[in-house]
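# Observations on the model geometry
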Amino acid sequence: MSAPPPATPMPPEPRFPATLLLFGVLSFLAHAATFFLFQVGYPSHVSIPLQTPQVSLLTGETPEQQAIMRWVESEDPALVAATSHPVPAGLFEIPYRPSYQTPRTAPRSMAEVKEAPERAPAPALSTLLRSVLPAAPGAAPKVERAPTKILLSAGLARRALLAPPVLKTAVAGPLEDASVMLGVTPEGEVRFVLLQRSSGDHATDAAALAQLEKARLGPVESAPDIEWGFADIVWGDDAYPTPPK
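Figured I'd write up the structure that's included with this text. (Residues numbered from 1 in each chain as written. Predicted model: local features only at pLDDT ≥ 70, side-chain atom pairs only at ≥ 80, totals over all residues. Heavy atoms only, no water.)

Along the backbone of the protein chain there are 5 helices and 4 strands. Secondary structure elements in the protein chain, listed N-terminal to C-terminal, are α-α-α-α-β-β-β-α-β. Burial status across the protein chain gives 17% buried among its 245 residues. In the protein chain, the proportion of contacts linking residues at least 24 apart, taken out of those at least 6 apart, comes to 74%. (Helix = DSSP H or I, 4+ residues; strand = E, 2+ residues; numbered from the N terminus. Buried < 20%, exposed > 50% of the residue type's maximum accessible area, 1.4 Å probe, protein only. Contact = heavy atoms within 4.5 Å.)

Here we take up helix α5 (residues 202-213). A rise of 1.5 Å per residue sets the reference length of α5, with its 12 residues, at 16 Å; its end C-alpha atoms lie 17 Å apart and thus fit the reference within 8%. Restricting attention to buried positions, one finds in α5 the residues T204, D205, A208, L209 and L212. Taken down its axis, α5 places every buried residue within 135° of arc, on the same side. Exposed residues on α5 whose side chains face more than 90 degrees from its buried face are H202, A203 and E213. Where α5 is buried, its residues contact β1 (149-154), β2 (178-184), β3 (190-197) and β4 (227-234). (Expected span 1.5 Å × (residues − 1). Arc of directions from axis to C-beta.)

Let us look at the sheet that holds β1. Pairing is antiparallel in the open sheet, where 4 strands are placed in the order β1-β4-β2-β3. Of all strands in the sheet, those bounded by a partner on one side alone are β1 and β3. If you compare each strand with its neighbour and ignore which way they point, the axes differ by 30° on average. Taken together, the 7 bridges between β2 and β4 define a ladder with antiparallel strand orientation. Pairing of V184 across the sheet is with E227, part of β4. Running at roughly 155° to β3, α5 makes contact with β1, β2, β3 and β4 of the sheet. (Pairing = 2+ DSSP bridges. Axes fitted to C-alpha atoms, helices over the stretch in contact; angles between N-to-C directions.)

The subject of this paragraph is the pattern of salt bridges. If you walk through the whole model with that rule in mind, you get 3 salt bridges. Through salt bridges that share partners, R158, R159 and E227 make up one connected network. (Salt bridge = Lys/Arg side-chain N within 4 Å of Asp/Glu carboxyl O.)

Counting through the fold element by element, F230 comes out in strand β4. What makes F230 partly exposed here is its relative accessible area of 28%. As for F230 and S179, which are separated by 51 residues in sequence, their C-alpha atoms are 6.8 Å apart.

To continue, consider the pairing of β3. Where β2 and β3 come together, 6 bridges link them in antiparallel fashion. Its bridge partner being in β3, V184 is matched across the sheet by V190. From the end of β2 to the start of β3, which pair antiparallel, there are 5 residues, and G188 there has a positive phi angle of about 100°.

With that settled, the discussion passes to the packing of aromatic side chains. Applying the stated rule across the entire model yields 2 aromatic pairs. Seen from their ring centres, F35 and F36 are 5.6 Å apart, and the 80° between their planes marks the pair as edge-to-face. (Phe/Tyr/Trp six-rings, centres within 6.5 Å; stacked < 30°, edge-to-face > 60°.)

What follows concerns the nonpolar core. The biggest cluster of nonpolar side chains holds 20 residues, and the ones touching the most others in it are V180, L182, I233 and W235. Of all the elements in the fold, those that place two or more residues in this core are β1, β2, β3, α5 and β4. The biggest single contributor to this core is β2, with 4 residues. Ignoring anything within four residues of it in the chain, the contact list for W235 reads T148, L167, L175, E176, D177, A178, S199, T204, A208 and Y240. (Core = buried A, V, L, I, M, F, W, Y, C linked by side-chain atoms within 4.5 Å.)

On to a nonpolar patch on the surface. A surface patch of nonpolar side chains, amounting to about 740 Å² of accessible area, comprises L21, L22, F23, V25, L26, F28 and L29. Mapped onto the elements, V25 comes out in helix α1 (residues 18-37). (Patch = residues over 30% accessible without salt bridge, like charges linked within 9 Å, V, L, I, M, F, W, Y side chains within 5 Å. Areas by Shrake-Rupley, 256 points an atom, 1.4 Å probe, with all protein chains shown as cover.)

Structurally, S179 is set in strand β2. Of note is the side chain of S179, whose polar atom sits 3.1 Å from the side chain of D232. (Polar contact = N/O pair within 3.5 Å; in protein donor to acceptor, adjacent residues only side chain to side chain.)

Below, the structure is given as structure tokens:
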């Protein structure tokens with residue numbers, strides 16, 4: 001026979017840790033102390049009792065109550081519904097008459113058209129004889145010659161030409177009105193002459209600028225060093241070599 005195996009020693013059973021039990025007891029004590037120390041105090045609930053309902057009776061003793069009773073009586077829908085409207089006697093016996101049968105405004109009639117005569121009346125005998133007779137010889141109408149003008153405007157409108165220049169042209173036909181810008185000193189001396197609008201002839205423009213440079217204007221006390229303005233030349237019959245018929 002074989003011998004039995006040796007017995008294996010069993011490990012000891014684990015014991016409950018005393019440290020965990022100690023921590024549990026301390027936690028319970030801490031929670032109990034917290035519950036007694038930090039208590040929440042809620043205010044006591046106060047309830048307000050409802051007021052006793054009051055009833056007011058309209059007895060008509062005061063003027064206000066009387067006014068309310070009259071208003072209720074006037075607005076009562078039952079009174080309005082119960083009111084009967086009397087029908088006038090003979091209402092349905094009146095015959096119907098349309099409104100258009102009664103004339104209110106007389107119609108406007110058209111104006112009478114007068115018949116126009118078919119022929120115009122004949123002229124008087126004296127007028128007819130005078131138109132046939134030859135006209136008596138009379139003097140030829142006198143034609144006035146328009147002179148050449150120089151019109152100052154803008155800053156030079158208050159001044160006057162002391163010695164108007166004599167402007168001539170060699171062109172026989174009519175010229176356009178020319179415009180020249182002038183720069184004048186306070187003493188009236190012309191310093192600058194600038195052509196703004198031509199007359200249509202270069203030679204005529206050059207001669208007009210040369211004449212305006214020699215022109216003299218009236219002096220002005222309160223004026224700038226150079227006062228600018230315009231001189232418009234309106235050509236007249238005396239500027240052309242042959243006056244028009």
